[in-house]
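# Structural features, examined
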Amino acid sequence: MAYEGARLAREAADEYMSDNSEGNVPGRKILVAGSVGPTSKSLSLSPDVADPGYRPYSFDQMRDAYREQIQALLDGGVDLILIETCFDALNVKAALSAIQECKTIRRNEVSEISNEVIPVIISVSVGDRSGRTLTGQTLKAFYTAVSHYPILAFGLNCSLGAAEMAPLVEEISQWCGCAVSCYPNAGLPNEMGGYDQSPEEMAEAVKAMAVKGLLNIAGGCCGTTPDHIRAISAALEGISPRPLPSIKSALSVDRMVRLTVSGLEAVTLDVEHSNFTNVGERTNVAGSRKFARLISEGKYDEALQIAARQIEDGASIIDINMDDAMLDSTREMERFVRYISNDPSVAKAALMIDSSHWETIEAGLKNAQGKCIVNSISLKEGPEKFIEKAKAIKALGAAVVIMAFDEEGQATTLQRKIDICSRAYRLLTEEAGLSPENIIFDANILAIGTGIEEHARYAIDFIEAVRWIKTNLPGALTSGGVSNLSFSFRGNNAVREAMHSAFLYHAIKAGLDMAIVNPSMLQVYDDIEPELLRCVEDVIFNTDPQATERLIDKAARMLEDKDTSAKDTVETRQSASVERSLDERLRTALVKGKSETWAEDVH
Ligand code: THG
């Protein structure tokens, strides 16, 4: 059916273009778009309230179905693909995956990008004036999730009437890097589900958007007739379209300074304005005993609370790691990411998919509706595998953390970090086709204060590597796992917290863009107790051979002193919720869906 439909439309368009009889506009170009719908299934939401991990279809099944349909449309002769009425960005990512596997013989006449790229318009449908999709995603977060494909136009269809849609189109027009399209319904539906807006009324409302310079493509959806389209066309006659950001500008300055990732909301890492982004570390089975226990016991709701807590305490991205010999990490990743989609307080954050298994990384990417960050790949297995994985990550629309690791092992010295990162940068930008802002270098934060001489420069070398990367690898970002730094002070959270906070203070000054941290365990630099700060900084900067000794000494004194802040551990702070008033706890439980104490509280 797709093939026959496309073929008929192609025939009609070609016939018009070759027919010079009266009424036809000579030289007018008619394009044929192959329409691809959202399907009735959401890849991001469970249709079964009792099981947030259930999905009727997988990403791969959706992609295969889309591929069959889209290939038939292309074979029938369409000029472009129109993915429309979208309510779930994960479905669209499946469609874009399918398109990247399709072939077309038609010359690409509508895209300046390349003849190889199949032109695509993505048109989203929103539920109401808030401008969120059915899954709860904002338009910018949606656009971010699908912007790995060089789309021709992005916009809205169906949803509401033109007047109601105008503020949303205006918003899109502010940040959209491609053309903006809008084809509304003929007003809001009446009680019978019909549409009453006349062609003239609708044309006026569409024109109001066009004169503001918001539109490149206009049209009509539910309730519109050929008369509506004719009226819109006449009303827009002579009005200039929205100025198109050229491909060159879309690829240059603006994109070089910012990476945007997304969950239900967009998270921009604005490097130019040096804002720093916290990535929550606690949703990691290797990094939190509590999280590991909850996952192995299948207590996903409680595990989600750990993620929610990280976000409340300042993380805008959360790192998810399920790598444990006792777990099926791929299955756990799929399940946990699916659970997240059903919990808006967690789903608003962007996800960092942390695994050393490729299948597990894929499982994360294929279940997240936003734009993710893969953590991580490296040159450990040589350049071919590295490039292959980078390309696959790009095709699925994620940014990627690159560890400073190669065939010889982990980089521990400044020179090795520089050599590996610059080699990786070249391969990624020149051979894998990644744009620099999607590359995040992790130059390895390793434990200091261990008493071993070779470890003494680990902190300085990391900080200097960050400075070097930010100066010499244009557009790339930097990250690191901060809690590694203090492994030799396990059991003394006050010292660890001071180490992390002081280290971050200096690393951020050197250009660190983001870090995997426990956001509940960071303090303001100026609030660190002065003697402790001096001890910590002496170890970080390796001022003298006795520095570690002094910190160990200080740490021991702090542990002895029962009244010091050493008692103020994360655990005590996390139990602070119990001290809040009953009213407050019930309110939080209701508003945020927290279940920690509600059962007793209700009693
Ligand atoms: N770089 C990148 N990814 C990473 C790391 C990195 N992922 C994992 C890790 N390193 C960062 N995450 C953590 C998480 C927790 C801890 C350290 C690093 C940690 N956990 C407590 C401990 O071991 O003492 C556990 C305490 C508990 O069980 O509650 O310190 O470097 N790209």
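The paragraphs below set out a description of the structure included in this document. The shown structure was predicted, so the numbers you read here are calculated from the model rather than taken from an experiment.

Conventions and cut-offs
- Within each chain, residues carry numbers counting from 1 in the order of the written sequence.
- Only residues with pLDDT of at least 70 get local features here, since the model is predicted, and only at 80 or more are side-chain atom pairs given and counted; chain-wide, interface and lining totals rely on the full set of residues.
- Note that water and hydrogens are dropped before the side-chain values are worked out from all heavy atoms of the structure.
- Here a helix means four or more residues in a row that DSSP labels H or I, a strand means two or more in a row labelled E, and each is numbered from the N terminus.
- Atoms counted for the radius of gyration: C-alpha only. Globule rule: 2.2 Å times residue count to the power 0.38.
- Burial classes follow relative accessibility: with a 1.4 Å probe on protein chains only, a residue under 20% of its type's maximum area counts as buried, one over 50% as exposed, and anything between as partly exposed.
- The contact criterion used is simple: two residues touch if any of their non-hydrogen atoms lie within 4.5 Å.
- Surface accessibility follows the Shrake-Rupley procedure with a 1.4 Å probe radius. Residue values consider only the protein chains on display as shielding.
- Positive charges come from Lys and Arg alone, negative charges from Asp and Glu alone, with His and the N- and C-terminal ends not counted.
- Just so you know, the charge point we use is NZ for Lys, CZ for Arg, CG for Asp and CD for Glu.
- Each axis is a line fitted through C-alpha atoms, taken for helices only over the stretch in contact, and angles between the N-to-C directions span 0 to 180 degrees.
- An angle below 35 degrees is treated as roughly parallel, one above 145 as roughly antiparallel, one from 65 to 115 as roughly perpendicular, and anything else as oblique.
- When the near helix sits turned anticlockwise from the far one by under a right angle, the crossing is termed left-handed; a clockwise turn instead gives a right-handed crossing.
- Classification used: nonpolar for Ala, Val, Leu, Ile, Met, Phe, Trp, Tyr, Cys and Pro, charged for Asp, Glu, Lys and Arg, polar for all others including Gly.
- In a helix, the anticipated span is given by 1.5 Å times the number of residues less one.
- The rule for a disulfide is simple: a pair of cysteine sulfur atoms within 2.5 Å.
- In this description, strands pair whenever DSSP reports at least two bridges between them.
- What counts as a salt bridge is simple: a side-chain nitrogen of Lys or Arg found within 4 Å of a carboxyl oxygen of Asp or Glu.
- Any residue with a heavy atom lying within 4 Å of a molecule or strand is counted as near it.
- By the criterion applied in these results, polar contacts are pairs of N or O atoms within 3.5 Å in which, for protein atoms, one can donate a hydrogen and the other can accept it, and in which residues neighboring in sequence qualify only through two side-chain atoms.
- Grouping buried Ala, Val, Leu, Ile, Met, Phe, Trp, Tyr and Cys residues that are joined through side-chain atoms within 4.5 Å yields what is termed a nonpolar core.
- Axes are fitted to the seven residues ending at a residue and to the seven starting at it; the angle between these axes is taken as the bend at that residue.
- If you view a crossover with the strands going away from you and the path from the first strand over the helix to the second runs clockwise, you call it right-handed.

### Thoughts on the overall build of the protein chain
Counting its regular elements, the protein chain contains 24 helices and 18 strands. Relative to the globule expectation of 25 Å for 603 residues, the C-alpha radius of gyration of the protein chain, 27 Å, shows essentially globular dimensions. Considering the protein chain as a whole, with its 603 residues, one finds that 52% of them fall into the buried category. Looking at the protein chain alone, contacts between residues at least 24 apart form 73% of all its contacts between residues at least 6 apart. Surface exposure of the protein chain reaches about 27,300 Å², of which carbon and sulfur atoms provide 51%. Looking at charge distribution, the protein chain has the averaged site of its 61 positive side-chain charges lying 2 Å from that of its 87 negative ones.

### Quick notes on unusual backbone geometry
Here Asn375 and Ser376 are connected by a cis peptide whose omega angle stands at 10°. Here Ser376 lies in strand E12 (residues 373-377). Residues other than glycine seldom take positive phi values, yet Thr39 does so here, at roughly 70°. Within the secondary structure layout, Thr39 lies in the loop between strand E1 (33-36) and helix H2 (59-75). Taking relative accessible area as the criterion, Thr39 reaches 35% and is therefore assigned partly exposed.

### Focus on the packing of helix H3 (residues 89-99) against helix H4 (residues 139-146)
Put simply, H3 and H4 touch, their axes get as near as 9 Å, and they point 20° apart. The orientation of H3 with respect to H4, classified from their angle, is roughly parallel. When the axes of H3 and H4 are compared, the crossing they make is right-handed. On H4, the residues touching Ala89, Val92, Lys93 and Leu96 of H3 are Phe142, Ala145 and Val146. Here the contact of H3 with H4 is composed, by residue class, of six nonpolar, no polar and one charged.

### A few points about H2
With 17 residues, H2 extends 24 Å between its outermost C-alpha atoms, agreeing within 8% with the 24 Å of an ideal straight helix rising 1.5 Å per residue. What H2 keeps buried is the set Phe59, Met62, Arg63, Tyr66, Ile70, Ala72, Leu73 and Leu74. Tucked into the core, H2 has its buried residues touching helix H1 (2-18), E1, strand E2 (80-86) and H3.

### Describing the state of the cysteines
Here the structure, examined in full by the defined rule, presents zero disulfides. The thiol of Cys176 is not disulfide-bonded; the next cysteine sulfur, from Cys178, is found 3.6 Å away.

### Observations regarding the pairing of strand E9 (residues 277-280)
The two faces of E9 match: Thr277 and Val279 on one face and Asn278 and Gly280 on the other face are all buried. Sheet analysis places E9 next to strand E18 (residues 514-517), joined by four bridges and oriented parallel. If you follow Thr277 over to E18, its bridge partner there is Met514. Sheet analysis places E9 next to strand E10 (residues 315-321), joined by three bridges and oriented parallel. Within E10, the position partnered with Val279 by the bridge is Ile317.

### With respect to the pattern of salt bridges
In this structure the tally under the stated criterion is 31 salt bridges. Glu531 serves as the salt-bridge partner of Lys554, at 3.2 Å between the closest nitrogen and oxygen. On the criterion of sequence distance, the pair formed by Lys554 in helix H20 (residues 547-560) and Glu531 in helix H19 (residues 530-540) is long-range, its members being 23 residues apart. Relative accessible area serves as the criterion here: at 7%, Lys554 is assigned to the buried category. Owing to a relative accessible area of 27%, Glu531 belongs among the partly exposed residues under this scheme.

### Observations regarding the site of the ligand
Taken together, 18 residues form the shell around the ligand, and within it Asn375, Asp442, Asn484, Arg490 and Arg496 come nearest. Measuring from a nitrogen atom of the ligand, one finds a side-chain N or O atom of Asp354 at 3.0 Å. At 2.8 Å from a nitrogen atom of the ligand is found a side-chain nitrogen or oxygen belonging to Asn375. Calculation on the ligand without its partners gives an accessible area of 670 Å², and the protein chains cover 84% of this total. Residues that form the shell around the ligand fall into these classes: four nonpolar, seven polar and seven charged.

### Description of the nonpolar core
Core analysis: the largest hydrophobic core is formed by 123 residues, its most contacted members being Ile81, Ile83, Ile122, Phe154, Phe336 and Phe441. In terms of residues, this core owes the most to one element, H3, which gives eight residues. For Ile83, the contacting residues outside a window of four places in its chain are Val36, Val92, Ala95, Leu96, Ile99, Val120, Ile121, Ile122 and Ser123. Residues Tyr458, Leu512, Ala515 and Ile540 belong to the second largest nonpolar core, which totals 37 residues.

### Some details on the environment of Tyr505
Structurally, Tyr505 is set in helix H18 (residues 493-510). What makes Tyr505 partly exposed here is its relative accessible area of 33%. Taking the C-alpha atoms as reference points, Tyr505 and Val524, 19 residues apart in sequence, are found 8.9 Å from one another.

### As for the sheet that holds strand E16 (residues 439-442)
Spatial ordering of the open sheet is given by E17-E16-E13-E12-E11-E10-E9-E18, a layout of eight strands whose pairing is parallel. Looking at strand neighbours, the two that pair on one side only are strand E17 (477-479) and E18, the edges of this open sheet. Within the sheet, the average angular offset between the axes of one strand and its neighbour, ignoring direction, is 30°. Set on the sheet, helix H11 (residues 300-312) makes contact with E9, E10 and E18; between it and E10 the angle comes to about 150°.

### Some words on helix H5 (residues 162-175)
Given a rise of 1.5 Å per residue, 14 residues ought to cover 20 Å, and the 20 Å separating the end C-alpha atoms of H5 matches this to within 8%. If you look at H5, its biggest bend is around 30°, right at Leu168. Those residues of H5 that fall on the buried side of the exposure criterion are Ala162, Met165, Ala166, Leu168, Val169, Ile172, Ser173 and Trp175. The elements touched by buried residues of H5 are H4, strand E4 (153-161), strand E5 (179-185) and helix H6 (199-211).

### Comments concerning the pairing of E5
Burial within E5 is extensive, with seven of its seven residues counted as buried. Examined bridge by bridge, E4 and E5 share seven bridges and lie parallel to one another. In the sheet register, Gly161 faces E5, and the bridge partner there is Asn185. Taken together, E4, H5 and E5 form a β-α-β motif whose crossover is right-handed. Note: E5 against strand E6 (residues 217-218), two bridges, orientation parallel. When the bridges of E6 are listed, Cys182 appears paired with Ala218. Assessed by its sense of winding, the connection that carries the chain from E5 through H6 to E6 is right-handed.

Without other data, these values stay purely geometric and don't point to any function.
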